Amino acid sequence: MTDFVDTIVAGGGTAGSAAAWQLARRGHEVLLLEAEPALPARIGEPAGCPFEPAHADPAYRALAAESVALWRDVEVATGASILVRSGSVVHGPAVRVDPLAAGLARARLDGEFLTVPQAEARWPGLRFSGSVLFVHQGGVLRHEAAITALRSAAGADGARIAAGETITRIRILGDDRVRLELRATDAPAVAAGAAATRELDCRRLVVTLGPATARLLRGLLALPRLTTSREDAIVVPMPGGSAPAVLHLADPTAPGNRYWRGDATVLGGTGELALGWRGIGRSRADAQITSTRAGSRSGSPDALSPRERAALLRYAREWLPGADLALPSVTSRVRTAVGDGGFLVDRIGPVVVGAGFGSAGAGLAPAVGRLLAGLVEGIGAPDGFSLRPERRRAGAGASGGRAAALGVRQA
Ligand SMILES: Cc1cc2nc3c(=O)[nH]c(=O)nc-3n(C[C@H](O)[C@H](O)[C@H](O)COP(=O)(O)OP(=O)(O)OC[C@H]3O[C@@H](n4cnc5c(N)ncnc54)[C@H](O)[C@@H]3O)c2cc1C
């Protein structure tokens, strides 16, 4: 007979791990299924990913404010250090930066304007321009630590975590029944007697499979088109310097900025900086990609096209004078996004979907997990995150919207 669990969360990235935690703490019977037997060693980022609460869209700002509190809850519950609260900075043309400050106050987040000289004195090695908005609750999210802690908090609240089983097929059998076909990916476990394949039924399924979401739900639900793209950043040493998470908003009217491919994002780590264009990547149709967090550092800037490499290095020369550009390396990550840049958090029948988190999903994960758990319980998510195109707001996304606002074409 096929085994049965009330609620299964498929995919244990930040979104799925957060959903499992939120469901378990509400008393649901929940099983988190994750293909990877263990979290891969993280070699792609200097210190994690930037957490920038200053979103232009109020829905995302509210998720950020909620996530600040929820990350603290997870840290208290597990003793882990997840969010390095070094603050975040958004700078650039006042017409783009200043409206963000009013929004922060409405979300009860603390923003403070610095002058350019104040910012440059505080972070020697970086240059700033226009309006400089410092957000106290921003910082760096330690991505792998976040996933580990969310899973551990979920486990402490009663969730079961099964890492090392790949979902190969999803079938909807009725309003309250979904069947999963699984294949063990953990070779030592199979050698020790675990079943190589099995089926599992559930009443509710939460699908948070990152780039694999569209493939596994094909033919079952009509999803907006999810694109998967690779984003590259260069990593350069910055001897003796420190940096917060920085988002430099482009000024499309400045002739000197024509080489920019979008808004620039700079993340400080220990003695090094990662620099990339936010929300800009190269499309990937690679079915092998299963996780948005698969970072890999090639060690060589040749992984970038000459044009991309030249643009990032030119930015670094102009805006990161403290960086040592002699030996840049490249870090890559894969992101999955809906064309309008918005999140996808919705439910149809027994299936809840959380996908399209683009370049902002990790930081907002605990609040997204709360939305996903609410959907399992029949509580609706905001209209803007709907599966139905007519309910979504064009360009309202957490990151893609910014690129769209610049008129930058995404590859
Ligand atoms: C360049 C870049 C920069 C980013 N910057 C930021 C940032 O500054 N701030 C921020 O907050 N976020 C950032 N992100 C976003 C963040 O990495 C993700 O959006 C976020 O982690 C949400 O991911 P997820 O849980 O939906 O999917 P994923 O992390 O992809 O997780 C999906 C999980 O499902 C598992 N899986 C896949 N297929 C199967 C299967 N068949 N069976 C079982 N399990 C399976 C995978 O192993 C994986 O663990 C960035 C992303 C990129 C690419």
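Structure first, text after, so check above.
A short tour of the structure in this document, coming up.

Reading the values: the criteria
- Residues numbered from 1 in each chain as written.
- Predicted model: local features only at pLDDT ≥ 70, side-chain atom pairs only at ≥ 80, totals over all residues.
- Heavy atoms only, no water.
- Salt bridge = Lys/Arg side-chain N within 4 Å of Asp/Glu carboxyl O.
- Helix = DSSP H or I, 4+ residues; strand = E, 2+ residues; numbered from the N terminus.
- Buried < 20%, exposed > 50% of the residue type's maximum accessible area, 1.4 Å probe, protein only.
- Core = buried A, V, L, I, M, F, W, Y, C linked by side-chain atoms within 4.5 Å.
- Phe/Tyr/Trp six-rings, centres within 6.5 Å; stacked < 30°, edge-to-face > 60°.
- Axes fitted to C-alpha atoms, helices over the stretch in contact; angles between N-to-C directions.
- Parallel < 35°, antiparallel > 145°, perpendicular 65-115°, else oblique.
- Left-handed = near helix turned anticlockwise from the far one by under 90°.
- Contact = heavy atoms within 4.5 Å.
- Nonpolar A, V, L, I, M, F, W, Y, C, P; charged D, E, K, R; others polar.
- Pairing = 2+ DSSP bridges.

1. Comments concerning the pattern of salt bridges
Thinking step 1. Within this structure, the stated rule accounts for 19 salt bridges.
Thinking step 2. Ionic pairing is found between Arg203 and Asp6, a salt bridge with its closest N-O pair at 2.7 Å. With a gap of 197 residues between them, Arg203 in strand E12 (residues 197–207) and Asp6 in strand E1 (residues 3–10) connect regions that are remote in the sequence.
Thinking step 3. On the basis of relative accessible area, Arg203 is assigned to the partly exposed category, the value being 25%.

2. With respect to the nonpolar core
Thinking step 1. Grouped together as the largest cluster of nonpolar side chains are 56 residues, with contacts concentrated most on Trp71, Phe343 and Val345.
Thinking step 2. Mapped onto this core, the elements with two or more residues apiece are helix H1 (14–25), strand E2 (30–34), strand E3 (49–51), helix H2 (58–78), helix H3 (94–106), strand E7 (131–135), helix H5 (143–156) and helix H9 (365–376).
Thinking step 3. At eight residues, the largest contribution of residues to this core is made by H9.
Thinking step 4. With 31 residues, the next largest nonpolar core counts Leu114, Val132, Leu275 and Leu320 among its residues.

3. Observations regarding the packing of aromatic side chains
Thinking step 1. The tally for this structure, following the rule as stated, stands at 11 aromatic pairs.
Thinking step 2. Ring centres 6.5 Å apart and planes at 90 degrees place the aromatic pair Trp260 and Trp319 in the edge-to-face group. One end of the pair, Trp260, is in the loop between strand E14 (245–248) and strand E15 (264–268); the other, Trp319, is in helix H8 (residues 306–319), with 59 residues separating them in the sequence. Here the two residues Trp260 and Trp319 agree in accessibility, since each one is buried.
Thinking step 3. Taking the centre distance of 5.9 Å and the plane angle of 80 degrees together, the rings of Trp277 and Tyr315 count as edge-to-face. Of this pair, Trp277 sits in strand E16 (residues 272–277) while Tyr315 is found in helix H8, placing the two residues 38 residues apart along the sequence.
Thinking step 4. The buried category is assigned to Trp277, whose relative accessible area is 7%.

4. Quick notes on the packing of H1 against H5
Thinking step 1. The N-to-C vectors of H1 and H5 enclose an angle of 25 degrees; their axes lie 8 Å apart at closest approach. Classified by the angle their axes make, H1 and H5 are roughly parallel. Here the hand of the crossing between H1 and H5 comes out left-handed. For the pair H1 and H5, the contacting residues are Thr14, Ser17, Ala18, Ala20, Trp21 and Ala24 in the first and His143, Ile147, Leu150, Arg151, Ala153 and Ala154 in the second.
Thinking step 2. For the contact of H1 with H5, the per-class residue count stands at eight nonpolar, three polar and one charged.

5. Overview of the sheet that holds strand E8 (residues 139–141)
Thinking step 1. Across the sheet, which stays open at both edges, the three strands sit in the order E3-E8-E4 with antiparallel pairing between neighbours. Lying at the two open borders of the sheet, with one neighbouring strand each, are E3 and strand E4 (83–84).
Thinking step 2. As defined by bridge partners, E4 adjoins E8 across two bridges and the pair is classed as antiparallel. When the sheet's bridge partners are listed, Leu83 is paired in E8 with Leu141.

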